[in-house]
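Inside the fold
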Amino acid sequence: MQTAPIKPMKPWFQVIDDLGDHLDWEEFFGNDNPVELDIGCGRGMFLFNSAVANPDVNYLGLEIDYREGRRAASRLLKRELPNARVIGGDCKVVLSGMVKKHSVRAAHVYYPDPWWKKRHHKRRLFTQEFADLLAEIVEYDGQVHSWSDVADLFDIIRDLMDGHSQFSTQTPPPLNQPEHDLDYQTSFDRKKRQMGLPVFRGLWQRTGKKN
Ligand SMILES: C[S@@+](CC[C@H](N)C(=O)[O-])C[C@H]1O[C@@H](n2cnc3c(N)ncnc32)[C@H](O)[C@@H]1O
């Protein structure tokens, strides 16, 4: 019996160690279209839907869990989408060392892990340091989107971002009413909304002048 050849995951999935010291977007995507990041992209629903809907935008997912990152990438690979990729590894390593300052049009952080137990709160992604990293990599007038179903966690995110001197608070666009099972922002968005949980959403714009 003949089996279909397995398609290599590269370039849809790569790990940090496979990449050089810094990411040159033009080299990485093969064009100079704007770049948006999906930080903690999970299974890649946002990456896939956005890349299909906006072929002139490049999307990069960052995912510390390689298994989830590969799942996301295999979705992109099936359609051989040229404008979406996943990097496996800690987003903080990528954001702090590999991404050129003010080179990202938008950063999306959907449903970051709540780490419910108090002794685990220090593992939460969205901290002052993380907000400062976003301010460094997002271009002037660029945007940060973050959603969560966890009120306490969203309060922290909102306080950090509303209080940040380099972001201004914006009103997120109205929440869509999904028409089918893939018509959600992310997999977690689908799961939480189908459970009837609330969704808290934030949008912030990087302040400062474009050069
Ligand atoms: C609750 S899930 C949400 C996934 C996706 N954003 C969604 O809404 O369906 C949080 C994701 O963030 C990833 N994550 C947590 N810390 C991370 C880090 N430091 N760097 C990259 N990904 C991270 C987790 O592995 C997980 O897949």
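Quick summary incoming for the structure in this document. As the structure is a prediction and not an experimental result, all values here were calculated from the model.

Calculation rules
Residues numbered from 1 in each chain as written. Predicted model: local features only at pLDDT ≥ 70, side-chain atom pairs only at ≥ 80, totals over all residues. Helix = DSSP H or I, 4+ residues; strand = E, 2+ residues; numbered from the N terminus. Rg over C-alpha atoms; globule rule 2.2 N^0.38 Å. Buried ≥ 20, exposed ≤ 12 C-beta atoms within 10 Å, placed from the backbone. Contact = placed C-beta atoms within 7 Å. Near = placed C-beta within 6 Å. Nonpolar A, V, L, I, M, F, W, Y, C, P; charged D, E, K, R; others polar. Axes fitted to C-alpha atoms, helices over the stretch in contact; angles between N-to-C directions. Parallel < 35°, antiparallel > 145°, perpendicular 65-115°, else oblique. Left-handed = near helix turned anticlockwise from the far one by under 90°. Pairing = 2+ DSSP bridges. Right-handed = clockwise from strand over helix to strand, strands pointing away. Core = buried A, V, L, I, M, F, W, Y, C linked by C-beta atoms within 7 Å.

Okay, the overall build of the chain next. A tally of helices and strands in the chain yields 7 helices and 8 strands. Relative to the 2.2 N^0.38 estimate, which gives 17 Å for 211 residues, the radius of gyration of the chain is 17 Å and therefore close to what a compact globule would have. Taken over the C-alpha atoms alone, the chain extends approximately 60 × 45 × 35 Å along its principal axes. Residues counted as buried form 36% of the 211 residues belonging to the chain. Across the chain, contacts joining residues at least 24 apart in sequence account for 78% of those joining residues at least 6 apart.

Before going further, it helps to spend a moment on the site of the ligand. By nearness alone, 20 residues border the ligand, and Gly-40, Gly-42, Cys-91, Thr-186 and Phe-188 come closest of all. Elements supplying a minimum of two residues to the shell around the ligand: strand 3 (58-63), helix 4 (91-98) and helix 7 (187-194). Within the shell around the ligand, the residues separate by chemical class into 9 nonpolar, 4 polar and 7 charged.

Attention now moves to the packing of helix 2 (residues 45-53) against helix 3 (residues 66-78). Relative to each other, helix 2 and helix 3 sit at 25°, their axes nearing to 9 Å. As far as their axial angle goes, helix 3 and helix 2 are roughly parallel. The two elements helix 2 and helix 3 meet at a crossing, and its hand is right-handed. Taken together, the residues of helix 3 that come into contact with helix 2 (itself represented by Leu-47, Phe-48 and Ala-51) are Ala-72, Arg-75 and Leu-76. Taken together, the residues of the contact of helix 2 with helix 3 break down into 5 nonpolar, no polar and 1 charged.

This part is about the sheet that holds strand 5 (residues 104-110). Strand order in the open sheet formed by 8 strands is 1-4-3-2-5-6-8-7, and the pairing between neighbours is mixed. Each edge of the open sheet is held by one strand with a lone partner, namely strand 1 (13-15) and strand 7 (167-170). Averaged over neighbouring strand pairs, the angle between their axes works out to 20° when direction is ignored. Against the sheet, helix 2 engages strand 2 (35-39), strand 3, strand 4 (84-88) and strand 5, with an angle of about 175° to strand 3.

Buried residues dominate strand 5, accounting for 6 of its 7 residues. The pairing of strand 2 with strand 5 spans 3 bridges and is classified as parallel. Paired with Glu-36 across the two strands is Ala-106, which belongs to strand 5. Pairing analysis gives 6 bridges linking strand 5 to strand 6 (residues 138-148), with the strands arranged parallel. Looking across to strand 6, one finds that Ala-106 is bridged to Gln-143. Where the polypeptide runs from strand 5 across helix 5 (residues 128-137) and back to strand 6, its parallel neighbour, the crossover connection is right-handed.

Next up on the list: the environment of Val-35. By the element assignment, Val-35 lies in strand 2. The class for Val-35 is buried, based on 25 C-beta atoms found within 10 Å.

Looking at soluble globular proteins, one finds that nonpolar side chains tend to be buried together. The biggest cluster of nonpolar side chains holds 47 residues, and the ones touching the most others in it are Leu-47, Leu-62, Leu-76, Val-104 and Ala-107. The residues contacting Leu-47, other than those within four sequence positions of it, are Asp-38, Cys-41, Tyr-59, Gly-61, Ala-72, Leu-76 and Ala-84.

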